Amino acid sequence: MMDWVPIFFVTFKVLALGTAMFFAIKWHYDQGEKGERRAVLRTGGKMAAVFVLALLGVGLVTFILGRMLGLDLSFP
């Protein structure tokens, strides 16, 4: 019986996130049709830059925290 729990939850998560992503993309596409295309591209570029900076920040904080805890983070 417990073997089905992860299968059920993963399937539910995939369906829920897939549905949410579909409607989010549809909504943003419809908003882009209404507004100026240049503004949409500029906003998308800004969001991509913020995402990359956040990703680098999280990676740096993780690396520093790992060093402080004494983890060996060197390549073999």
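Tell me about the overall build of the protein, and name the residues and values.
For the protein, the count of helices and strands is two helices and zero strands. Here the protein has a C-alpha radius of gyration of 20 Å; the compact-globule value for 76 residues is 11 Å, and the former is much larger. Along the three orthogonal principal directions, the C-alpha set of the protein runs to about 55 × 45 × 20 Å. For the protein, with 76 residues in total, the buried portion stands at 1%. Accessible area of the protein: about 7400 Å², with a carbon and sulfur share of 76%. In the protein, 8 side chains carry a positive charge and 5 a negative one; their mean positions are 10 Å apart.

Summarise the domain arrangement of the protein; cite the residues concerned and give the values.
According to the domain assignment, the protein consists of domain 1 (1–33) and domain 2 (37–75). Computed over C-alpha atoms only, the centres of domain 1 and domain 2 are separated by 25 Å.

Which residues make up the UniProt feature "transmembrane region" (unreviewed entry) in the protein, and what are the values?
Using the residue numbers shown here, the UniProt feature "transmembrane region" (unreviewed entry) corresponds to residues 6–27 and 48–69. For the annotated span residues 6–27, helix accounts for 100% and strand for 0% of the residues, and the straight-line distance between the end C-alpha atoms is 31 Å. End-to-end, the C-alpha atoms of residues 48–69 are 31 Å apart, and along that stretch the chain is 95% helix and 0% strand.

Tell me about the pattern of salt bridges, residues and numbers included.
The full count for this structure, using the stated rule, is one salt bridge. In this structure, the salt-bridge partner of Asp30 is Lys26, at a minimum N-O distance of 3.2 Å. Of this pair, Asp30 and Lys26 both sit in helix α1 (residues 4–34), separated by four residues, roughly a single helical turn. For Asp30, a relative accessible area of 31% translates into the label partly exposed. Residue Lys26 is classed as partly exposed on the basis of its relative accessible area, which comes to 42%.

Rules used in this analysis
Residues numbered from 1 in each chain as written. Predicted model: local features only at pLDDT ≥ 70, side-chain atom pairs only at ≥ 80, totals over all residues. Heavy atoms only, no water. Helix = DSSP H or I, 4+ residues; strand = E, 2+ residues; numbered from the N terminus. Rg over C-alpha atoms; globule rule 2.2 N^0.38 Å. Buried < 20%, exposed > 50% of the residue type's maximum accessible area, 1.4 Å probe, protein only. Areas by Shrake-Rupley, 256 points an atom, 1.4 Å probe, with all protein chains shown as cover. Lys, Arg positive; Asp, Glu negative; His and termini not counted. Charge placed at Lys NZ, Arg CZ, Asp CG, Glu CD. Domains from an automatic or database assignment. UniProt positions renumbered as here; feature names shortened; annotations may be inferred. Salt bridge = Lys/Arg side-chain N within 4 Å of Asp/Glu carboxyl O.

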